[in-house]
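Residues per chain are reported as follows:
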Amino acid sequence: MDKDSMLTHILQSEGPASLLGGQSPVTVINGSQHISPLTSGGPEARGPDGEADSGRPSLDSAIRTALSEGTKTVVLEGPDGSGKTTALQRLVVGWARGRNLQNFSFVFHFGLGRLNSLGGALSLEALMLRHHGHLLPGSVPQLLQDPEGVLFVFDDLDQWRHSLDPSALPHLCSDPGEEAPVSRLVAGLLHGSLLRGASFLVATRPAEGQKFPSGARLQVLGFLKPQREAYMEGFFSADPAAATTARRHMESTLGFYDICTSPRFCWTVCSVYKSLMDAGAKLPETLTQLYVEILARLIQSLQLNEARSRALVSALGKMASHCLLHQHSSCTKEEMDSFGFGQDLASVGVFLRVDGDGPVFSFHSQPMLEFNLATSFLLDASAAEGVEELLERHRGRADFLDVFLTGLSEPAQRRPLEAPLGELDPGRVADFARWFRSSSEATLKGRHKDQHRRRFHLLLQTQNESLVKEVAAASAQTGIGYGDPTLRDCVALNYVFSCIGEMELLNLYRTRDLTEEQAKALAPAMSLCRKINLSDSSLSPGAVPHLASALSGGLTEELDLSHVRLGEEEFRRLCEGLRNCKLRVLKLLACELTEAVCGDLASALTSGAAQLREMDVRFNPIGDRGFVKLCKALQSPLCRLQELKLQKCELTAASMEALMSDRCLLTELDLSLNNLGQEGALLLCHALRRPGCPIEKLSLSRCELTPPVFRELSSALRGGTSRLKSLVVGLNAVGDEGVKPLWEAVAHPNCVHEDLDVEMTGLTDECARDLCAALRAGGALRSLELRNNSLTDASVPALVRAAQDSDSMQEMNLQYNDISEDVFDVMDECGKIRY
Ligand SMILES: Nc1ncnc2c1ncn2[C@@H]1O[C@H](COP(=O)(O)OP(=O)(O)OP(=O)(O)O)[C@@H](O)[C@H]1O
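Residues numbered from 1 in each chain as written. Predicted model: local features only at pLDDT ≥ 70, side-chain atom pairs only at ≥ 80, totals over all residues. Heavy atoms only, no water.

(A) Geometry of the overall build of the chain. Counting secondary structure elements, the chain contains 33 helices and 24 strands. A compact globule built from 835 residues should have a C-alpha radius of gyration of about 28 Å, whereas the chain, at 37 Å, is more than 25% larger. Across its three principal axes, the chain shows a C-alpha extent of roughly 110 × 65 × 60 Å. Burial analysis of the chain (835 residues in total) assigns 56% to the buried set. Put simply, 78% of the contacts in the chain that link residues at least 6 apart link residues at least 24 apart. As displayed, the chain has an accessible area near 33,600 Å², and 47% of this comes from carbon and sulfur atoms. Separation of charge centres in the chain, based on 83 positive and 106 negative side chains, amounts to 4 Å. (Helix = DSSP H or I, 4+ residues; strand = E, 2+ residues; numbered from the N terminus. Rg over C-alpha atoms; globule rule 2.2 N^0.38 Å. Buried < 20%, exposed > 50% of the residue type's maximum accessible area, 1.4 Å probe, protein only. Contact = heavy atoms within 4.5 Å. Areas by Shrake-Rupley, 256 points an atom, 1.4 Å probe, with all protein chains shown as cover. Lys, Arg positive; Asp, Glu negative; His and termini not counted. Charge placed at Lys NZ, Arg CZ, Asp CG, Glu CD.)

Given below as structure tokens:
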């Protein structure tokens, strides 16, 4: 086959660039703006925002690899404008220029949309000669001899109007000389009955239930952030400053929409931005404003009068609704006539893609389709349908309809469109605004997080701060969880929270991967929230500096990062944010923190500006060395920490000496589940006895305590200087004799003890007499935790009476003792008993 002729054949297909359609593939291929789109093996490989890491293969190389490794059918699947046609044509051009796919002797490229209208019967050979006029008739029998050397490239499978399901076809062609309708020829080729051994490269937009052809599927991801940046730099190569402005603007106002992965959308955005920048005009702040600008330009380019322009938009709206409702990507001439295009059908090429001789008409992109529908709805006062009916009718089929209606209902956003079209219908706009306000208030009063998110997207589209405040402020206190947001959600959430101002809570519980971009988008909202809950989440390293900077100088007083695993470096970055912030409560439960990070934490605690009062580091293996570092902070007059939870932190007696200093302000300390043993606990008791020791609540559950420790604790409580009001010493099996000194303390007039927990300490009926005597002595005890001991029915009457007679006692818990139903009545007599 003459590759030069093939090259000329392909290069002839060049057409002019259009605002919505983009540049012709040939211009892209030959120009400097070509950027390789990316692919992934399957849709599941996409991240939550549709964005993926740039370590993915380029589409071109993935196709080449698949075809050179013997895959017979490769199907490219990607949304409109994702670069499928361009990629296919680039490969064919590369083949003709001898650069790739050289394992094929023949490559045939067909647009299936154009083949649709081919009537009558013809042979495969005739089809090839007809569509590849450069082919020498004598070469066809040669290629039929060697199917292995043939590659068919089929573009636009989504436009193919014939079935490929073999069960729906009478019989598949197998003879290249046999004349058959084109639908059977294509089916025969793709199912391998015709020219068995040939290879196929097929491109299609994703279509519901599309099973055929089977083969290796490559998802076309289009442009992710780095490709977009490169594309924009290429587009504005003559003016690097404009490139930076355009890139930053697009990333901050549109970069979070999935459609930004479409190279065609990038072309449209760049084209609009360029002309706005050249005219010194403002760039669009919302997706609606962008499409307002596009539609206004397209209408103006036709130079129609206002009435005809309105009629044209109305016809486009009818076509859009038809395509959505019937799931058609394209419409025939007859259908177009029924929408009322009339004489303007000849001009629709600026708005629509027109294919084949038939011809068929389709929108270049889904957002443009939905924008036309939204505009025509607000334009046309005559239609009986209200906004709710419109949305209901297109539910599940339209992604942007409500977004565009919301944007268009704001006068400032729709203004440029009203120049060529005249005013949108004031009654319709007012109806929409009424519906939007009331449905927003109702939605935000509910607790469905997805509905909230959707509403935030709409509120973002209004760019109307006072409206957002009025509508959303009432829901600000609900504390609803917005975990696992997409980038788009983050941007919308941030906008709404920022409009409202101070918020009680930003609940992002269980966010699977908070990316750098998401955290950056959310940072302003974070800094306005008094509480941030990120527990059970994972944060990418790049997200942490944004969290830290939101804390620093922000209003946040409570941060929950429980079960979040941060690397040492990330934790260090977080601590930088802690040095100068309003945070009073920091929850770091089970974050796998080690000694290595305790120095950073300690230095944040003593920064002077830090306000931290409560810190929960339970279930982190910081060990004695880590704890000693924290203790240094506790000794500093700059440290304001009052409550410290260190349950199960692998502490031993070795670090207890470091704990107490005269300066320490701790009022609450939880050391449970650490193996302090007698030695460690006695050191602690020593500190408790010191005059002025501020500890009011001490938890030493399961710390391997011994009877001498209980004696020392009792003595500290009776000493007259202790402020201890709550003591938890459960799960230390010292038995009746071991606990006894605590009863003496409870009875002592110096003791201010209010809550005592002696769960599972091995108590039996032997203790009842001392315990009751202690309660009767009239101390301050309010609650007594006696769960999981061995008290029996015999002790119950005395305990009940003692509890009843005590003025201070509010609750005595006897659950999980050896108490039988026989004494339930007795216990029921006293409301203070739990069993
Ligand atoms: N690799 C690329 N580099 C630069 N621009 C590109 C690239 N691919 C596509 N484009 C731009 O995007 C436009 C649309 O591309 P293309 O027609 O290849 O998409 P498509 O996926 O085939 O779309 P459709 O599904 O609508 O047929 C092109 O006209 C061009 O402006």
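(B) Here's a closer look at the pattern of salt bridges. Under the definition given, this model contains 46 salt bridges. Between glutamate 148 and lysine 72 there is a salt bridge, with its nearest N and O atoms 3.1 Å apart. Taken as a pair, glutamate 148 in the loop between helix 7 (139-145) and strand 5 (150-155) and lysine 72 in the loop between helix 3 (59-68) and strand 2 (73-77) lie far apart in primary sequence, 76 residues in all. Classification of glutamate 148 as partly exposed rests on a relative accessible area of 48%. Here glutamate 502 makes a salt bridge to arginine 530, at a shortest N to O gap of 2.5 Å. Taken as a pair, glutamate 502 in the loop between helix 22 (487-500) and strand 12 (503-507) and arginine 530 in strand 13 (residues 529-533) lie far apart in primary sequence, 28 residues in all. Three or more residues are tied together by salt bridges with common partners; here these are Lys225, Arg228, Glu229, Glu233, Arg247, Glu251 and Glu517. (Salt bridge = Lys/Arg side-chain N within 4 Å of Asp/Glu carboxyl O.)

(C) Representation of the domain arrangement of the chain within the structure. One can read the domain layout of the chain as domain 1 (3-222), domain 2 (225-283), domain 3 (288-438) and domain 4 (669-835). Its C-alpha centre places domain 3 at a distance of 75 Å from the equivalent point of domain 4. (Domains from an automatic or database assignment.)

(D) Region of the structure containing the environment of asparagine 817. As for its position among the elements, asparagine 817 is in the loop between strand 23 (811-813) and helix 33 (824-828). Discounting residues that sit within four places of it in the chain, asparagine 817 has contacts with Leu786, Arg787, Asn788, Asn789, Ser790 and Leu791. From its side chain, asparagine 817 meets the backbone nitrogen of asparagine 789 in a polar contact 3.2 Å long. In this structure the side chain of asparagine 817 is engaged in a polar contact, spanning 3.1 Å, whose partner is the backbone nitrogen of leucine 791. (Polar contact = N/O pair within 3.5 Å; in protein donor to acceptor, adjacent residues only side chain to side chain.)

(E) Summary view of the site of the ligand. In the vicinity of the ligand there are 24 residues, among which Gln23, Ile35, Lys84, Thr85 and Thr86 approach most closely. A distance of 2.7 Å is found between an oxygen atom of the ligand and a side-chain nitrogen or oxygen belonging to arginine 205. For the ligand, the protein covers 97% of the area, taking 630 Å² as the surface of the free molecule. For the shell around the ligand, the secondary-structure elements that each account for two or more residues are helix 4 (84-96) and helix 11 (263-278). Considered class by class, the residues forming the shell around the ligand number 8 nonpolar, 10 polar and 6 charged. Residues from two domains meet in the shell around the ligand; each of domain 1 (3-222) and domain 2 (225-283) gives at least three. (Near = heavy atom within 4 Å. Nonpolar A, V, L, I, M, F, W, Y, C, P; charged D, E, K, R; others polar.)

(F) How the structure looks around the sheet that holds strand 2. Read across the open sheet, the 6 strands follow the order 1-8-2-7-5-3; overall the sheet is mixed. If you trace the sheet from one side to the other, it starts and ends with strand 1 (38-40) and strand 3 (106-111), each paired once. Direction aside, neighbouring strands of the sheet carry axes that sit 20 degrees apart on average. In this sheet, strand 5 lies alongside strand 3 in parallel orientation, the contact comprising 6 bridges. Note on strand 5: the bridge partner recorded for phenylalanine 106 is valine 150. (Pairing = 2+ DSSP bridges. Axes fitted to C-alpha atoms, helices over the stretch in contact; angles between N-to-C directions.)

(G) Local environment of the confidence of the model for the chain. With 97% of its residues at a pLDDT of 70 or more, the chain shows a mean pLDDT of 91. Low pLDDT, under 50, characterises residues 42-53; the predicted model gives this stretch 20 contacts beyond four residues in sequence or across chains. (pLDDT = per-residue confidence, 0-100.)

(H) Focus on the packing of helix 24 (residues 543-551) against helix 25 (residues 568-578). Between helix 24 and helix 25, the least distance of the axes is 7 Å, while the angle of their chain directions is 15 degrees. In terms of axis orientation, helix 24 runs roughly parallel to helix 25. Between helix 24 and helix 25 the crossing geometry is right-handed. Contacts between helix 24 and helix 25 pair Val544, Pro545, Leu547, Ala548 and Leu551 from the former with Glu570, Arg573, Leu574, Gly577 and Leu578 from the latter. By residue class, the composition of the contact of helix 24 with helix 25 is 7 nonpolar, 1 polar and 2 charged. (Parallel < 35°, antiparallel > 145°, perpendicular 65-115°, else oblique. Left-handed = near helix turned anticlockwise from the far one by under 90°.)

(I) Local environment of helix 20 (residues 449-462). In this model, helix 20 (14 residues) spans 20 Å end to end at C-alpha, consistent with the 20 Å of a helix rising 1.5 Å per residue. With 10 of its 14 residues buried, helix 20 lies for the most part within the structure. The complete set of buried residues in helix 20 reads His452, Arg453, Arg455, Phe456, His457, Leu458, Leu459, Leu460, Gln461 and Thr462. On its buried face, helix 20 sits against helix 12 (287-302), helix 17 (401-408), helix 18 (411-421), helix 19 (426-445), helix 21 (465-472) and helix 22. Looking one or two places after helix 20, you find glutamine 463, whose phi comes out positive at around 50 degrees. (Expected span 1.5 Å × (residues − 1).)

(J) Here's a closer look at empty space enclosed by the protein. Counting across every chain of the model gives 4 cavities of 30 Å³ or more. Here the largest cavity is characterised by a volume of approximately 110 Å³. What lines the largest cavity is Leu20, Asp80, Ile259, Ser262, Arg264, Phe265, Thr268, Tyr291, Ile294, His364, Ser365 and Pro367. Taken together, the residues of the lining of the largest cavity break down into 6 nonpolar, 4 polar and 2 charged. (1 Å grid on protein atoms, 1.4 Å probe; cavity = no way out; pocket = protein on both sides within 12 Å on 5 of 7 lines; lining within 4 Å. Points joined across faces, edges and corners; volume = space filled by probe spheres on them.)

(K) Main features of the side chain of aspartate 670. Here aspartate 670 shows up in strand 18 (residues 668-670). Buried charge aspartate 670 goes without a salt bridge, the closest partner of opposite sign being arginine 618 at 5.1 Å. A polar contact of 3.1 Å, which involves the side chain of aspartate 670, links it to the side chain of glutamine 647. Not counting chain neighbours up to four residues away, the residues in contact with aspartate 670 comprise Arg618, Leu644, Lys645, Leu646, Gln647 and Ser699.

(L) Representation of the sheet that holds strand 10 (residues 352-355) within the structure. Here we have 3 strands laid out as an open sheet, ordered 9-11-10, and antiparallel in their pairing. The two strands at the open ends of the sheet, each matched to only one other strand, are strand 9 (330-332) and strand 10. With strand direction ignored, the average angle separating the axes of adjacent strands in the sheet is 30 degrees. In terms of strand pairing, strand 9 meets strand 11 (residues 360-363) through 3 bridges, oriented antiparallel. In the strand pairing of strand 11, serine 330 is matched with serine 362.

(M) Representation of the packing of helix 31 (residues 768-776) against helix 32 (residues 796-805). Two elements in contact, helix 31 and helix 32, have axes separated by 9 Å at closest approach and are oriented at 10 degrees. Between helix 31 and helix 32, the angle is such that the two are roughly parallel. On the side of helix 31, the interface is formed by Leu771, Cys772, Leu775 and Arg776, while helix 32 contributes Ala798, Leu799, Arg801, Ala802 and Asp805.

(N) Quick peek at the environment of arginine 264. By secondary structure assignment, the location of arginine 264 is in helix 11. A sequence separation of 79 residues divides arginine 264 from leucine 185, and the C-alpha atoms of the two residues are 32 Å apart. Ignoring sequence-local partners within four residues, the contact set of arginine 264 consists of Leu20, Gly21, Gly22, Asp80, Gly81, Arg205, Arg353 and His364.

(O) Structural detail: unusual backbone geometry. Residues other than glycine seldom take positive phi values, yet glutamate 650 does so here, at roughly 60 degrees. Looking at the secondary structure, you find glutamate 650 in the loop between strand 17 (643-645) and strand 18. One non-glycine residue, arginine 702, lies in the positive phi region at around 45 degrees. Take arginine 702: it is sitting in the loop between strand 19 (697-699) and helix 29 (707-718). Overall, arginine 702 belongs to the partly exposed group, its relative accessible area being 46%.

(P) Region of the structure containing the packing of aromatic side chains. In the structure shown here, the tally under the stated rule is 24 aromatic pairs. For the ring pair phenylalanine 223 and tyrosine 231, a centre distance of 5.6 Å and an interplane angle of 40 degrees mean the geometry is tilted. Owing to a relative accessible area of 3%, phenylalanine 223 belongs among the buried residues under this scheme. By relative accessible area, tyrosine 231 is classed as buried at 5%. Connected via pairs of aromatic rings, a cluster forms that spans Phe256, Tyr257, Phe265, Tyr291, Phe371, Phe400 and Phe404. If you follow arginine 428 out to its NZ or CZ, it ends over the ring of phenylalanine 377, 4.1 Å from the centre. (Phe/Tyr/Trp six-rings, centres within 6.5 Å; stacked < 30°, edge-to-face > 60°. Lys NZ or Arg CZ within 6 Å of the ring centre and 35° of its normal.)

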